[in-house]
Amino acid sequence: MSSSDIFIGETIGTAILILLGGGVCAAVTLKASKARNAGWLAITFGWGFAVLTAVYTSAPLSGAHLNPAVTLALAIKDKDFSNLPTYWGGQLLGAMIGAALVWVAYYGQFHAHLTDKEIVGGPGAQATAAKAVEAQEKGAGPVLGVFSTGPEIRNVVQNLLTEIIGTVVLVLAVLTQGLNDKGNGLGTLGALITSLVVVSIGLSLGGPTGYAINPARDLGPRIVHALLPLPNKGGSDWSYAWIPVVGPLIGGAIAAGIYNVAFA
């Protein structure tokens, strides 16, 4: 694979991943969405299908890493870090493009949600669950959850460990079941297996932090949230932002170490 193929494939694939994954979060969260309050099952399966679609689309070009933690693990496994910057650059750019497209697709819903007094406050506003969550997640605005993750209980050690554990499970699944014959990405069956693993992680381990398990998935959309001209959008919670970046990278490295010791 050439550097241009890798960059283009990862950009397209990660954009699709975030468009569909962030899209289901928007659908469940925003006022005037037909899927509002569809719940956690909708979110977890939406993200799983997003992974499936993104992998099938980008695999012919780049091997469909779509996740800096997966790329790091493969680099450690193969002892080849030469393509790491290319993969990471495409993944971050793609995540930002996907997040911007979610905003475009749900433009009217974002406006309705963020101008509703029950959501953002104002004279005569009533206390709501959304305001309670916003107060709990200090620094997080009322639609940040559409773009990036945040913990239900803020405990740095627990939040970091949750992201590490979830990412270890994901990356081990990729390394042991999802590699194609060339060993450089997800094959056809591996894409299906990995998408189901993502659903499983969301259902089992997603409750505490929202299961980023992918640094680009969290950082790229968080940057877009900070840049978009959304009314009353609130903060982007940068004090928490390092956890869904560092945690998955640590988890990916641990998974690569486990693979090299137990499976190689």
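Our structure is the block above this text.
Let me sum up the structure you'll find in this document. Source: prediction; values computed, not measured. (Residues numbered from 1 in each chain as written. Predicted model: local features only at pLDDT ≥ 70, side-chain atom pairs only at ≥ 80, totals over all residues. Heavy atoms only, no water.)

Time to look at the overall build of the protein chain. Across its full length, the protein chain holds 12 helices and 0 strands. Scanning the protein chain from its N terminus toward the C terminus, one meets helices and strands in the order α-α-α-α-α-α-α-α-α-α-α-α. Here the protein chain holds 264 residues, and 51% of them are scored as buried. Partitioning the contacts of the protein chain with sequence separation of at least 6, the portion at a separation of at least 24 is 77%. Total accessible area computed for the protein chain in this model is approximately 11100 Å², and 67% of it derives from carbon and sulfur atoms. (Helix = DSSP H or I, 4+ residues; strand = E, 2+ residues; numbered from the N terminus. Buried < 20%, exposed > 50% of the residue type's maximum accessible area, 1.4 Å probe, protein only. Contact = heavy atoms within 4.5 Å. Areas by Shrake-Rupley, 256 points an atom, 1.4 Å probe, with all protein chains shown as cover.)

So, about a nonpolar patch on the surface. A cluster of nonpolar side chains, Phe7, Ile8, Ile12, Leu61, Leu93, Ile97, Leu101 and Val104, forms an exposed patch at the surface whose accessible area comes to about 610 Å². Mapped by element, the contributors of at least two residues to the nonpolar patch are helix H1 (3-29) and helix H4 (84-105). Top contributing element to the nonpolar patch by residue count: H4, with 4 residues. Take Val104: it is sitting in helix H4. (Patch = residues over 30% accessible without salt bridge, like charges linked within 9 Å, V, L, I, M, F, W, Y side chains within 5 Å. Salt bridge = Lys/Arg side-chain N within 4 Å of Asp/Glu carboxyl O.)

The full count for this structure, using the stated rule, is 4 salt bridges. Between Asp116 and Lys31 there is a salt bridge, with the nearest N and O atoms lying 3.5 Å from each other. Here the residue Asp116 occupies a position in the loop between helix H5 (107-114) and helix H6 (117-120), and Lys31 occupies one in the loop between H1 and helix H2 (40-62), the gap between them amounting to 85 residues.

Structurally, Gly94 is set in helix H4. Residue Gly94 is classed as buried on the basis of its relative accessible area, which comes to 0%. When the C-alpha positions of Gly94 and Phe7 are compared, they lie 9.4 Å apart, and in sequence the two are 87 residues distant. Setting aside its immediate chain neighbours within four residues, Gly94 contacts Thr11, Thr14 and Ala15.

Glancing now at helix H12 (residues 243-262). Helix length check: H12, at 20 residues, gives a terminal C-alpha distance of 28 Å against a target of 28 Å (1.5 Å per residue), a fit within 8%. If you check which residues of H12 are buried, you get Ile243, Pro244, Val245, Gly247, Pro248, Gly251, Gly252, Ala255, Ala256 and Tyr259. Here the buried face of H12 lies against helix H3 (68-78), helix H9 (156-177) and helix H11 (215-227). (Expected span 1.5 Å × (residues − 1).)

Among the 11 residues that make up H3, 9 are buried, leaving the element largely enclosed by the rest of the structure. Three or more residues of H3 are buried, namely Pro68, Ala69, Val70, Thr71, Leu72, Ala73, Leu74, Ala75 and Lys77. For H3, the secondary structure elements touched by its buried residues are H4, H9, H11 and H12. Following H3 by one or two positions, Lys79 has its phi on the positive side, about 55°.

Counting residues in hydrophobic clusters, the biggest one holds 54 residues, and the most contacted among them are Leu17, Trp47, Phe110, Phe147 and Leu230. Sorting elements by how many residues they give to this core places H9 first, with 9 residues. (Core = buried A, V, L, I, M, F, W, Y, C linked by side-chain atoms within 4.5 Å.)

Turning next to the side chain of Lys77. Among the secondary structure elements, Lys77 is positioned in helix H3. For Lys77, a relative accessible area of 18% corresponds to the buried category.

A few words on the environment of Val102. With respect to the helices and strands, Val102 occurs in helix H4. Accessibility expressed as a relative area gives 3% for Val102, which makes it buried. In contact with Val102, not counting residues within four places along its chain, are Ile18, Leu19, Gly22, Gly23, Ala26, Phe110 and Val146.

Further remarks concern the side chain of Thr14. By the secondary structure assignment, Thr14 is in helix H1. You can call Thr14 buried: its relative accessible area is 1%.

Of note, Ala64 is a non-glycine position whose phi angle comes to about 60°, a positive value. Within the fold, Ala64 resides in the loop between H2 and H3. Owing to a relative accessible area of 2%, Ala64 belongs among the buried residues under this scheme. Located in the positive-phi region is Asp237, a residue other than glycine, with phi close to 55°. Note on placement: Asp237 falls in the loop between H11 and H12. Among the residues examined, Asp237 registers a relative accessible area of 3% and is labelled buried.

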